[in-house]
Amino acid sequence: QSSASPKNRGGLFWRYWRSVCSSSVTIAPCCLMRVRLRLGIVLKLVLLVLLTLICLLCYWNLSINLKLYWQSNPGSSNNPLLNPSLKIFPKTPEERAEYNKAFHQHSFNAFLSDRLSLQRLVPDTRDPACQSKSYYANSQSYDNLTASVIICFYNEAKSTLRRTLYSIFNRSPPHLLHEVIVLDDESNNGISSFDVNFISSKIRYEIAPMKLGLIRARNYAAKLATGRVLIFLDSHIEVNVGWLQPLLHHLSIRPKSVALPLVDVIDEKTFEYSATPHVVGGFTWNLRFAWDPLPASVPLDEPFHSPVMSGGLLAVRASTFHAFGAYDNLMETWGGENLEMSFRYWQCGGTVYACPCSRVGHVFRSRRPYGEFSGRDSWLFNSVRLANVWLGPFREGCWCGPWRLTSRLELQRTLGCVSFKWYLLNVASKKMIRSLPGRFRHLLT
């Protein structure tokens, strides 16, 4: 082969080249097919991941929008945030820590409150006879009375405060609701006017000039009010349907009266709304408020006497409130003011009536979550003060001290108030008289 001619050698070269080329042409498509196959698998995986992320984002967005809708719109019983049979419990360690912190701070289940609808439905707990009352249909039966609702709060949970306000505006005839004054008594939990003002243009968000405590805060807010009727409410309540008309109707008939709604129960742990038992306000002889059974003969569609108001929820004409001495501005923080106000109205020519067709749900807490900013027991201080003014010889011993009673005793003389004996014989329940300590019984003869 080495002696082969150049022609033959060229023929060998070309045969070799053709063989290589033919082999390359065969191998290249196979490589390309494998590369394409691998790229196809990678692309499919990328697309699958992208679709999964898109689905998760859509689910998250939908859940947020549904929660916002449920929290800002009334709904049916199918709404899981409205249905009391569907419980909401903390599941993760973070949620349990949030639950414990919120319960300690507010003394109710704020974790659940934050997840409930702000405009949830509540059961109509009125007696069926209430619904046919003429004052619901006749808008002229209120003597042109309009209400200034006053809500004083300190470090209230945002969700309960908002739910309180939504219930007021959703269940009150607009022409009867003059304004809602929301007084912040120097809260330090970050709450502000931005958290509530969007609900209605009738909200007046005010900040106390200094730490006042509930009693003085209510007096301060009452001076700001311009409605003819003052309605004091707590910041963790939900008014029921038709709650406002019975109060205004009663005050149009009895201008010197205090009108009370019946206080339904909102459970502090489950936030379930339930009707109050048939009870009426009373007191024990250590000057604690107490609920007494309501006689079965008392109809639940007409106002009835209440010897003592529970304190947190009441309506009164503004002119009457100021003429009767408002709240005792020398009392401390909270406690005993409901007994003092009850004795004062009954003994000085006024009355206190419960209006059973007006229902307001209230979150009853097992303890007070806030301390005494004055540094002393405000209930004890206030109880001694009211005893010195209103109980006369029925108080225990001589409670001497710097009580500064001059202004209240002068009010007593100005209003021509009668004795506590008259109150016991004409207003107090038989249970109160039966429980009167024996050393005082001779005073009733």
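Going by the structure above, here's the rest.
Figured I'd write up the structure that's included with this text. Just so it is clear, the structure is predicted and the values come from calculations on it, not from any experiment. (Residues numbered from 1 in each chain as written. Predicted model: local features only at pLDDT ≥ 70, side-chain atom pairs only at ≥ 80, totals over all residues. Heavy atoms only, no water.)

1. Description of the pairing of strand β12 (residues 351-363)
The element β12 is largely enclosed, with a buried count of 13 among its 13 residues. Pairing analysis gives 3 bridges linking strand β5 (residues 237-239) to β12, with the strands arranged antiparallel. Residue pairing for β12: Val239 is matched across the bridge by Val360. Here 10 bridges tie strand β6 (residues 257-266) to β12, and the two strands are oriented parallel to one another. Counted as the bridge partner of Val258 is Val352 from β12. Relative to β12, strand β10 (residues 304-305) is paired through 2 bridges, and the arrangement is antiparallel. Looking at the pairing, Phe304 lines up with Ala354 of β12. (Buried < 20%, exposed > 50% of the residue type's maximum accessible area, 1.4 Å probe, protein only. Helix = DSSP H or I, 4+ residues; strand = E, 2+ residues; numbered from the N terminus. Pairing = 2+ DSSP bridges.)

2. Considerations on empty space enclosed by the protein
The full count for this structure, using the stated rule, is 4 cavities of 30 Å³ or more. By volume, the largest cavity amounts to about 140 Å³. Only β6, β8 (279-283) and β9 (289-293) provide two or more residues apiece to the lining of the largest cavity. Here the element with the most residues in the lining of the largest cavity is β6; it accounts for 4 residues. (1 Å grid on protein atoms, 1.4 Å probe; cavity = no way out; pocket = protein on both sides within 12 Å on 5 of 7 lines; lining within 4 Å. Points joined across faces, edges and corners; volume = space filled by probe spheres on them.)

3. A few points about helix α9 (residues 337-347)
Of all 11 residues making up α9, 11 are buried, and the element is well covered by its neighbours. Every buried residue of α9 is listed here: Glu337, Asn338, Leu339, Glu340, Met341, Ser342, Phe343, Arg344, Tyr345, Trp346 and Gln347. A positive phi of about 100° marks Gly349, the residue just after α9.

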